[in-house]
Amino acid sequence: MRSINTAHLRAFHAVATEGSFTKAARLLHVTQPTLSQEVKALEDAHGVLLFDRSRRGVALTEVGHALFAVTRRLFAAEQEALELLAGVRHLEGGSLAVGADGPFHAVPLLAAFAKRHPGPTVTLSVGNSQVLLQGLLDTKIDVAVLGGVPDDPRLTVVPFRRDPVKALLPRGHPLAEQRAVTLQEMAAERLVMREPGSMTRTLVEQAFADAGLAPASTLEIESREAVVEAVAAGLGLGFISAAEFTPDPRLVLLPLDGVRVEMEESVVCLRERRRLAVVRAFLEVARELAAE
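Remember, predicted model here, so these are calculated numbers, not experimental data.

## Things to note about the overall build of the protein
The helix and strand inventory of the protein stands at ten helices and eleven strands. Along the first, second and third principal axes, the C-alpha set of the protein runs to 75 × 45 × 30 Å. Within the span of the protein, comprising 292 residues, buried residues form 46% of the whole. A fraction of 75% describes how many contacts in the protein between residues 6 or more apart in sequence connect residues 24 or more apart. As displayed, the protein has an accessible area near 15,100 Å², and 53% of this comes from carbon and sulfur atoms. Side chains of the protein carry 32 positive and 36 negative charges; the gap between the two charge centres is 4 Å.

The structure is reproduced here in structure tokens:
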């Protein structure tokens, strides 16, 4: 059986993970020409093309995608082995990359984890649910705190909390005088919506579809904070999870009348990585907080 050069495979995996030869070379602490030679050597040795190269960057070929799925499992297993051998299983060190669709649920969870396990270095990145799920599958992050997790056998999911999605209005708007607002009333207004991939947007669009409604006009904005500012400036009405709303004298938060839209937040990791001690410890903290 033909052998495979592990260094060449690691070079390929770094480029596939980072999406760039430059970033991958920086990650592996080698020069870009050295990295390019290692990837080219892997391709030549096995008679395949793993990347489509252009001035705009690199993209995985069909074979490259298939190999990347293998190297993700391979190097995840290597990380687990290193953890066991280095004693990180006792959480004396190591690292944990956390992704979240917002800081509101993640930060208290991170604080509880850090208090119990001060050894590991923890990093937090914020993005929408779609981006975070891809980050998990690409092993760029270890765990994610997000809403609307799909039914996927590759994932381990720990339900964390449920919060209602409510309507967000500028204080001077006529509807802000009401105790609640209907979807029909919201659909007649200009709406400020998150970008595709946002779970808040997905839930709201589903609620409108179930009610046979379509918003008259929408303005798409790519962050929760920007949505809040746009609504405060009178650019339209919006939606936000009640747990993510910080009281603001410019704004009014109203429940939706006649419909229940809920954001269910979960802590998620790749099933194959749940045995990693630092990931397992994070999930345990999440379960305890959820029970409270």
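## Notes on the pairing of strand β7 (residues 190-193)
Examined bridge by bridge, β7 and strand β8 (residues 217-220) share four bridges and lie parallel to one another. Across the sheet, residue L191 finds its bridge partner in β8, namely T218. Traced from β7 through helix α8 (residues 199-210) to β8, the parallel crossover comes out right-handed.

## Comments concerning the packing of aromatic side chains
Inspection of the entire model under this criterion finds four aromatic pairs. Between F12 and F51, the ring centres sit 5.4 Å apart and the planes meet at 45°, which makes this aromatic pair tilted. Linking F12 in helix α1 (residues 6-18) with F51 in strand β1 (residues 51-54), this pair joins segments that are 39 residues apart in sequence. For the pair shown, F12 and F51 are each scored as buried.

## Describing the packing of helix α5 (residues 103-116) against helix α10 (residues 277-291)
Two numbers describe how α5 lies on α10: the axes approach to 10 Å, and their chain directions differ by 120°. It follows that α5 is oblique to α10 by the angle criterion. Crossing of α5 over α10 shows right-handed handedness. Contact with α5, carried on its side by P108, L109, L110, A112, F113 and R116, involves V278, A281, F282, V285, A286, E288 and L289 of α10 and no other residues of that element. The residue inventory of the contact of α5 with α10, partitioned by class, reads eleven nonpolar, no polar and two charged.

## Considering the side chain of H13
As for its placement among the helices and strands, H13 is situated in helix α1. Side-chain polar atoms of H13 contact the side chain of T71, separated by 2.8 Å. In contact with H13, not counting residues within four places along its chain, are F68, T71, R72 and F75.

Conventions we followed
- Residues numbered from 1 in each chain as written.
- Predicted model: local features only at pLDDT ≥ 70, side-chain atom pairs only at ≥ 80, totals over all residues.
- Heavy atoms only, no water.
- Helix = DSSP H or I, 4+ residues; strand = E, 2+ residues; numbered from the N terminus.
- Buried < 20%, exposed > 50% of the residue type's maximum accessible area, 1.4 Å probe, protein only.
- Contact = heavy atoms within 4.5 Å.
- Areas by Shrake-Rupley, 256 points an atom, 1.4 Å probe, with all protein chains shown as cover.
- Lys, Arg positive; Asp, Glu negative; His and termini not counted.
- Charge placed at Lys NZ, Arg CZ, Asp CG, Glu CD.
- Pairing = 2+ DSSP bridges.
- Right-handed = clockwise from strand over helix to strand, strands pointing away.
- Phe/Tyr/Trp six-rings, centres within 6.5 Å; stacked < 30°, edge-to-face > 60°.
- Axes fitted to C-alpha atoms, helices over the stretch in contact; angles between N-to-C directions.
- Parallel < 35°, antiparallel > 145°, perpendicular 65-115°, else oblique.
- Left-handed = near helix turned anticlockwise from the far one by under 90°.
- Nonpolar A, V, L, I, M, F, W, Y, C, P; charged D, E, K, R; others polar.
- Polar contact = N/O pair within 3.5 Å; in protein donor to acceptor, adjacent residues only side chain to side chain.

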